[in-house]
Amino acid sequence: MPKHEINPNKWIDLYSDYLFNYTISRVNDREMAQDLVSETFLAGLKSMKNFKGDASERTWLISILKRKIIDYYRKINSNKGKAEVRIGYNDDAESEGDWLEERVADPFDKTAEDTLQNAELGNAIHSCLSKLPQKQADVFKMKTILNYETEVICNELNITASNLWVIIHRARTAMADCLEKNWL
């Protein structure tokens, strides 16, 4: 099988429409799709020396684009729930610029009750984990507690990514049911 050649001078003419259509169907945001395609071309230029020629240029660019799309979703999902509180609580000029968050209790200031509650939760989690089938328990620990990447878990346990998501869904459902019965 002949090796494929790489020619970045033709990428925009040959692949931009295809990559854009591929991206827009996944992110549903025109500007973001354009940005991701641009980032893909830039990443391709930076890693041209890694192109082995085993696949076509388009296939290689699509694999880069897929990673860009995954990174995009990871980024927006990691920002969920993070909001900045900016509410003024005084009208006098001396305290201008002071904000409500200065008067909120420190979340890292643990009380004995918090520590006890965390210990009880930890015990309940370990108890529920021990009730799961071994493979579900392993996948749950690796993905949810240890934050291993999907690829690492799949390689270590010799399972496919789709199988991993089925197992993790079942484990999370079982854990939620168990914790609801045994901790709350």
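Residues numbered from 1 in each chain as written. Predicted model: local features only at pLDDT ≥ 70, side-chain atom pairs only at ≥ 80, totals over all residues. Heavy atoms only, no water.

A.B. asks: Explain the state of the cysteines here, please?
C.D. replies: Cysteine pairs can be linked by a disulfide, which is a covalent bond between their two sulfur atoms. Scanning all chains against the criterion turns up one disulfide. At a sulfur-sulfur separation of 2.1 Å, the disulfide partner of C128 is C178. A torsion of -85 degrees about the S-S bond marks the disulfide between C128 and C178 as left-handed. With a gap of 50 residues between them, C128 in helix 4 (residues 112–131) and C178 in helix 7 (residues 161–182) connect regions that are remote in the sequence. (Disulfide = S-S within 2.5 Å. Helix = DSSP H or I, 4+ residues; strand = E, 2+ residues; numbered from the N terminus.)

A.B. asks: When you look at the environment of R58 in this model, what are you seeing that I'm missing?
C.D. replies: Residue position: R58 is located in helix 3 (residues 57–78). For R58, a relative accessible area of 38% puts it in the partly exposed group. C-alpha of R58 to C-alpha of S16: the two residues are 42 residues apart in sequence and 9.9 Å apart in space. In contact with R58, not counting residues within four places along its chain, are Y15 and Y18. (Buried < 20%, exposed > 50% of the residue type's maximum accessible area, 1.4 Å probe, protein only. Contact = heavy atoms within 4.5 Å.)

A.B. asks: Please clarify how the side chain of T150 should be interpreted in this entry.
C.D. replies: Inspection of the secondary structure assignment puts T150 in helix 6 (residues 150–157). Within polar-contact distance, the side chain of T150 engages the side chain of K143 at 3.1 Å. Not counting chain neighbours up to four residues away, the residues in contact with T150 comprise K143, A161, L164 and W165. (Polar contact = N/O pair within 3.5 Å; in protein donor to acceptor, adjacent residues only side chain to side chain.)

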